[in-house]
Structures are given as C-alpha cells and as structure tokens.
Amino acid sequence: MSVAARETHGFQAEVQKLLHLMIHSLYSNREIFLRELISNASDAADRLRFEALANPALLEPDSDLKVRVEYDAAAKTVSVVDNGIGMTREEVIRQLGTIARSGTGEFISQLSGEQKKDANLIGQFGVGFYSAFIVADRVVVETRRAGAAASDGVHWESDGQGEYSVENLERTERGTRVTLHLREDAVEYADEFRLRTLIRKYSDHIAFPVVMTSTAEEGEAKEEAANEAKALWTRPRTEITDAEYQEFYRHVSHDFQEPLTWSHNKVEGKREYVSLLYVPARAPWDLWNRTGSRGLKLYVKRVFIMDDAEQFLPLYLRFVRGVVDSGDLSLNVSRELLQQDAVVESMKSALTKRVLDTLDRLAKDDPVKYATFWKEFGRVLKEGPAEDHANREKVAALLRFSSTHNDSATPDQSLADYIGRRKGGDEGGKKVIWYLTADSFNAARSSPHLEVFRKRGIEVLLLTDTIDEWLIGHLGEFDGHEFRDVKRGELELDGGDQPEAANPKPDAGEHQALLDRLKQTLGAQVQDVRATDRLSESAACLVIGEHEMGAQMRKLMQATGQTVPEAQPILEVNPAHPLLKRLATETDEARFTDLALLIVDQAHLAEGGQLEDPGAFVQRLSRILLG
Ligand code: ADP
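As a convention, each chain's residues are numbered from 1 in the sequence order in which they are written. Per-residue local features are limited, in this predicted model, to residues with pLDDT of at least 70; the limit for side-chain atom pairs, both in listing and counting, is 80 or more; totals at the level of whole chains, interfaces and linings are taken over all residues. The basis for every side-chain value is the complete set of heavy atoms in the structure, and neither hydrogens nor water enter the calculation.

Looking now at the site of the ligand. Near the ligand, the surroundings consist of Asn40, Ala44, Arg47, Asp82, Met87, Gln95, Leu96, Gly128, Phe129, Thr176 and His254. The term polar contact refers here to a pair of N or O atoms within 3.5 Å; inside protein, the definition further demands a hydrogen-donor-capable atom paired with an acceptor-capable atom, and it admits residues adjacent in sequence only when both atoms are side-chain atoms. The contact in question runs from an oxygen atom of the ligand to an N or O atom on the side chain of Asn40, over 2.7 Å. Grouping the constituent residues of the shell around the ligand by class yields 4 nonpolar, 5 polar and 2 charged. Near, as used in this document, describes a residue that has one of its heavy atoms within 4 Å of the molecule or strand being considered. We call Asp, Glu, Lys and Arg charged. Ala, Val, Leu, Ile, Met, Phe, Trp, Tyr, Cys and Pro are nonpolar, and the rest, Gly among them, are polar.

A word on unusual backbone geometry. Note that the residue after Glu60, namely Pro61, is joined by a cis bond; omega there is 0 degrees. Even without being a glycine, Ala229 presents a positive backbone phi close to 60 degrees. Summarising the element assignment, Ala229 is placed in the loop between strand E8 (210-214) and helix H8 (242-253). In this scheme, a residue with accessible area under 20% of its type's maximum is buried, one over 50% is exposed, and one in between is partly exposed, where area comes from a 1.4 Å probe on protein chains only. For Ala229, a relative accessible area of 24% translates into the label partly exposed. At His254, a position not held by glycine, the phi torsion is positive, near 60 degrees. Segments assigned H or I by DSSP are reported as helices when at least four residues long, segments assigned E as strands when at least two residues long, and all are numbered from the N terminus. With respect to the helices, strands and loops of the structure, His254 is situated in the loop between H8 and strand E9 (261-267).

What follows is about the environment of Lys382. Here Lys382 shows up in the loop between helix H11 (367-381) and helix H12 (384-387). Residue classification places Lys382 among the buried residues on the basis of a relative accessible area of 5%. On a C-alpha basis, the gap between Lys382 and Leu399 in space is 7.3 Å, while along the polypeptide they are 17 residues apart.

What follows deals with the sheet that holds strand E6 (residues 163-169). Judged by pairing direction, the sheet is mixed, and its 8 strands sit side by side in the order E1-E6-E5-E4-E7-E3-E2-E8 without closing on themselves. Looking along the sheet, the strands with just one partner apiece sit at the ends: strand E1 (7-10) and E8. Adjacent strand axes in the sheet meet at a mean angle of 20 degrees when their direction is disregarded. Should DSSP find at least two bridges between two strands, the strands are taken to pair. Judged from the 4 bridges that link them, E1 and E6 form a sheet pairing that is antiparallel. Residue pairing in the sheet places His9 in a bridge with Tyr164 of E6. In what follows, a contact means two residues having at least one pair of non-hydrogen atoms within 4.5 Å. Every axis in this analysis is a line fitted to C-alpha atoms, fitted for helices over the stretch in contact. Angles between the N-to-C directions lie between 0 and 180 degrees. Packing against the sheet, helix H2 (residues 32-54) makes contact with strand E2 (67-72), strand E3 (77-82), strand E7 (175-182) and E8, and its axis sits at approximately 20 degrees to E3.

Bringing the packing of helix H18 (residues 508-522) against helix H21 (residues 589-606) into the picture now. The interhelical angle for the contact between H18 and H21, taken along N-to-C directions, is 85 degrees, at an axis separation of 10 Å. Compared by their axis directions, H18 and H21 come out roughly perpendicular. Contacts between H18 and H21 involve Leu514, Arg517, Leu518, Thr521 and Leu522 from the former and Glu589, Phe592, Thr593, Ala596, Leu597 and Val600 from the latter. Of the residues that constitute the contact of H18 with H21, the class distribution is 7 nonpolar, 2 polar and 2 charged. An angle below 35 degrees is read as roughly parallel, one above 145 as roughly antiparallel, one from 65 to 115 as roughly perpendicular, and any other as oblique.

Throughout, bend refers to the angle between the axes fitted to the seven residues that end at a position and the seven residues that start at it. The sharpest bend along H18 comes to roughly 35 degrees, located at Leu514. Within H18, burial applies to His511, Leu514, Leu515, Leu518 and Leu522.

A word on the side chain of Ser253. Along the chain, Ser253 turns up in helix H8. For Ser253, a relative accessible area of 13% puts it in the buried group. At 2.7 Å, the side chain of Ser253 forms a polar contact with the backbone oxygen of Tyr249. Separated by 3.0 Å, the side chain of Ser253 and the backbone nitrogen of Asp255 make a polar contact.

In this section: the side chain of His205. Tracing the chain through its elements places His205 in the loop between helix H7 (192-203) and E8. Given the relative accessible area of 6%, His205 is considered buried. Of the polar contacts made by the side chain of His205, one reaches the backbone oxygen of Tyr202; its length is 3.3 Å. Ignoring any residue separated from it by four or fewer positions in sequence, one finds His205 in contact with Lys230, Ala231, Leu232, Glu247, Phe248 and His251.

Here is the rule: rings of Phe, Tyr and Trp (six-membered ring for Trp) pair when centre to centre is within 6.5 Å. Planes less than 30 degrees apart are stacked, more than 60 are edge-to-face, and the remainder are tilted. Using the criterion set out here, one finds 18 aromatic pairs in the structure. Plain terms: the ring middles of Phe33 and Tyr189 are 5.3 Å apart, the flat faces sit at 80 degrees to each other, and that makes the pair edge-to-face. Remark: Tyr189 occurs in the loop between E7 and H7 and Phe33 occurs in helix H2; sequence separation between them is 156 residues. On the basis of relative accessible area, Tyr189 is assigned to the buried category, the value being 2%. With a centroid separation of 5.0 Å and 50 degrees between ring planes, the pair formed by Tyr249 and Tyr278 is classed as tilted. On the criterion of sequence distance, the pair formed by Tyr249 in helix H8 and Tyr278 in strand E10 (residues 273-279) is long-range, its members being 29 residues apart. For the pair formed by Tyr249 and Tyr278, the shared burial category is buried.

Within the element layout of this structure, Leu260 appears in the loop between H8 and E9. For Leu260, a relative accessible area of 9% gives the class buried. C-alpha separation for the pair Leu260 and Val210, spaced 50 residues apart in sequence, amounts to 29 Å. For Leu260, the contacting residues outside a window of four places in its chain are Val279, Pro280, Ala281, Leu362, Lys369, Thr372 and Phe373.

Next up on the list: the packing of helix H17 (residues 468-475) against helix H19 (residues 551-559). For any two helices packed against each other, one specifies the crossing angle of their axes together with the interaxial distance. Orientation of H17 relative to H19, taken along the N-to-C sense of each, is 110 degrees, at an axis distance of 8 Å. With respect to each other, H17 and H19 are oriented roughly perpendicular. Each of Asp468, Glu469 and Trp470 in H17 lies in contact with H19, whose residues at this interface are Ala551, Gln552, Met553 and Leu556. Its residues assigned to classes, the contact of H17 with H19 shows 4 nonpolar, 1 polar and 2 charged.

Across the sheet, which stays open at both edges, the 5 strands sit in the order E14-E17-E16-E19-E18 with mixed pairing between neighbours. Each edge of the sheet is formed by a strand with only one pairing partner; in this case those strands are strand E14 (402-403) and strand E18 (477-478).

Below you can see the structure in the form of structure tokens.
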C-alpha cells in the first residue's frame, strides 16, 4: 500500500469558519501564536516521555527533549521545532484538518463575526495550532512519529484558505517542525529580541528548555534556554508571581481569561503530591455536555501521564482545571487503575476539601469575584449535596439564592446570611428556613404565598432553578434549621419582625357553609378547601399536602420520562376578600360555579402555573364580565 502520493484535502467546515474568525478577531492579540505552538511542542515532548516509559527505545538517539524556536529574517520565517512524539499521516489529517471535540460544530456556528465578542468565545475554545494562520499565510508542518521509519515522515502544508495538502517525506529527525511563512505585516516576529521576550512572557513555565537559533547561524549558536524550563508547580509558592500562575493557567486550560482564583499546595507525609487547582472565570461551552472535557492533568513524579484525569475530583467540581503531580502512584498507572486506587480515593477527598475551602475563601475575600463564580458555576455546585453527602454542609454554605430580603433577581444571599437575619419565623417551635419555588423570579416575587410572610417580616428564599427543590431535598437541613416550603401544608407561624401584623385567623365554623359548597362544586379538582390567614391581598392560593411532590420535582421527573401521580392541591381561601364575600351570597348556581372555578384558575396563574383548559377559563371570564 502506498500513501506516499500528494493529496489535497478540504478543511472540515468548522475549521474553515474557525480559521476565518480567528484571523479577524485575534488580530490584536496575534503574538499568542508562539505560545500555542510551544505549548503543543511541550505536550508532544510530554507524550513521548510517557510512551517511552513502556518503550525506552523511542527516545533514541535523541533523549534530550527540548523545543527549538528558529527564525530567519531574510526568508521571513519562524519555526517551532520539537523532538517529541510526532504524528503519523493519519494523525496529521485528523489533528490538523478537523476539530474532534464533540459539540464544537454547534459552538462555532454560534459565533457571529462580531470581533470583540468572538475573541472571547474563541479564547475559551482554545485556539491551538490554527493560530499560526493569524501571522502566516503559509504554514508547513514536517513530522515523524516516534518509532516510525524515516521514510514515514509527513509533509503538511496550507495557506489557511480552505485546503491543505499532505504527502510523505523522508525525515530522519523524530518529532515535528512547524514553519510559519510570515505575512507581510507580521515579519517583525522573525527577530531574536522579539521572540525571546515572547518566550519569557508566555512559555517560562514550560518544563522543557526552549532554545533559540537563527537559521543563518545554525551550528554555532549557543544552546541556552530562553525560558526557566522548570515545571511551575514544582517551584515554591513564594517564588511564583501571579502573572506566572495566570500564564500557566492558560497552558492547562486553553482559556484566555484570567482565572478567578487558584490554590497551590504541596502535601508531604503519608501521601506525597503537589496540586495546583484553578477556578475559571467562565463556564466552558461544553460544561453541560456529557462528553465535555473535565478533570486534571496528571503527572507522576514530574512525568506527564494523562490529560483529563477525572478521578481526582467529584463531578460537581468538574469546572476546576489544573495539575496534580503524585509521588505515590506508579508511572504505568492507567485510567482503569485510577478508578479503584485507594491512593486516588484519598487524594480525591483531600482535593475536594481544598476546592471547597478555596471557594469559601473567595466568597469571603472577594464577593464580586464570587458572584461571577456563582453565575457561571452555581448550577453545577448545586449537584454537590446529592453527589457528595459528606461535604453537603460545606457545599450548602457556598450556595446563593434570591430572597425576599432584597428581592434581587441575582441570587446573592447565603444560608448563613438568612440565619443571621432571622427573627423568629419558627414553626411549632422548630427553627425554619422558609423557601418558595417558582418557574421564574417574577412569578416567585409576586406569589400570593408570600403575603403573610412579607406582612410579618419573615424572610423567604426564592428558588427558581429547576433543580432547587431536588437540591433542598438533599440538603435536609442547614445549621440546625429545617427547610420549609411556604406552599406546603398548614402554616403555624411564630415570631417575625412584626408578629402583630398577622392576618386574623379565620373562624372555620363561621365559613363552613361556603367552604363545603366550594368543595362540592370543585369536586376532584381539589383535595380540600380551607379558610386561611396566609393571604391579605389575594382571594385564594393553592397549597400542596405535607408529603406530596412539589411542582418542580414533578416537572423534573416528567422530563426524565417518569410517570407522576396527578396533582390534587388544597385550595386555601381568604374569607375577608370581596370575591369570597360575594360568593358567600351568590344564589345563582351557574354563576357560583363560574366564580369558584375562576378563583382556582387565578390561584394557578398567580403562582406562574399553567391552566389545564385556558379556553374554558376565557369563556368563564367573559360570561362574568358581561353578566
Ligand atoms: P489542542 O492542542 O488544543 O489539542 P491544537 O489545534 O493545538 O489543539 O492541536 C491539535 C492536535 O494536533 C493536538 O491535540 C496534537 O494531537 C496535534 N499536534 C499539534 N502540534 C503537535 C506537535 N508539535 N507534535 C505532535 N502533535 C501535535
């Protein structure tokens, strides 16, 4: 079989779009191409060292792994050369012609062509190899996979306009050379001083030496590394600047934005490992994708082992990026082995605490940054109490909700804030955190269920996330306080800011005839009809039984295809309301029925619910308005 022939391929459509957007939106940031190429070269060296653990011959005859940056001002070229793992012809076609990560196509099609916005989006996506085309109008890749014959070298070339060519190449050196033929407006990069500055700025933390040569003087050049060439996490914390931490974050995360915070720790004693964990400032586009990338970069005794090692953190902390370098694991550990390793298990629980403490510190020290964190990752963190029962109190302390305290649509209140402000609002002597669930913030804020709470100055959390009810179920309680749904069961409020503002307790005996008549008219639509002191402005509201499933849980279960029993709420009415007074004296049976049903429908609507039969509602309303 001969694959030596020259072939021309078209880039995958997504790649074309990405290339186009990248060239336009990253123009002002174009020097990053060097960082991206050096980062790839360093990854290639990492991967070779890893494969050489099982097959040391791969390192021969050149075991001194490094990255070389060459420039030639006359020819207007810059090359990044590594003696790492290299690529086969198939790999070249797959890696440099397509974008493999699932969901990428969709993501790219959201990009609009608006430069500023797209620069951000592209940044989070990780620009990688293709950034070469921001400064070059022709890019040549020459490569040979470690272990392959010299005749199996590959030459790849493209002008970034939609097509690329591949052909076989005789190549004695192992690894990859990427040569950029600079655009006229980018020739400034073929310059020693410029390149050296960029290497220091972007690639200091690369664990391999990055050496520089001018093609003109090759051979006699001194081999002096232009970077520090020491893995960042191995250095003492006190010697690392924030800028270095931030640059390293870009290397591990492919994210342009600065991280919100990080935590760098060296553990010694029973276990030995170093961890450097970052909290990003923005959710990656595939955070909710089941196949989305997650996990840490794993090193064992400084040797790179794998990307995306998921076993070191629980799923609800999947947004954390970073590195863990273990002194205890074996160099030939595999993904399968990681899953059942006791060392990994104990590291996972320590790293989880570390992240939760880091978030706690961020919340205390920098509420503005914490608000950003919450906006981006709050929903993921809410999975915590269910997944990680042991840490549920710690996770609960990090949660943020909207509340009647300030009626802000931005969830900015913690459970501790709530408890700190609480003045009574107990129920039957039990300390309670009151909450209300609804589909939207507006529906929550104006729910009739809040009337008595507002009047008495008792704070209520407003929960509008679809998983909130499920979350509360897993929390159970917080700091000795039970969670209590304002819509559930009968209220027995004590205290509050203004307990004297309580609505008068209706006398059930006095209204019994009306309640019975309503119950008879409404039939199976409701479980019961009661007089209530919950309401002051509204005529009625719907209450669910003490042990019944709430509306959110119902929806959540229906969405996953489970059948849930028909809801049968309790109608609570405010006998002091004019509508109820009017009903009490209504003698026309048909009008009584219309009014009674309207009251139920209103109660549904007032809490943001949907009517089973909107047409019938409209007809009834018209009859009443006209009659
Ligand atoms: P990323 O590095 O984020 O995966 P890139 O676009 O930079 O994306 O690179 C795509 C792939 O091409 C890499 O994952 C790697 O498999 C391959 N690649 C790029 N540069 C090199 C190199 N110097 N040596 C070996 N493989 C490389």
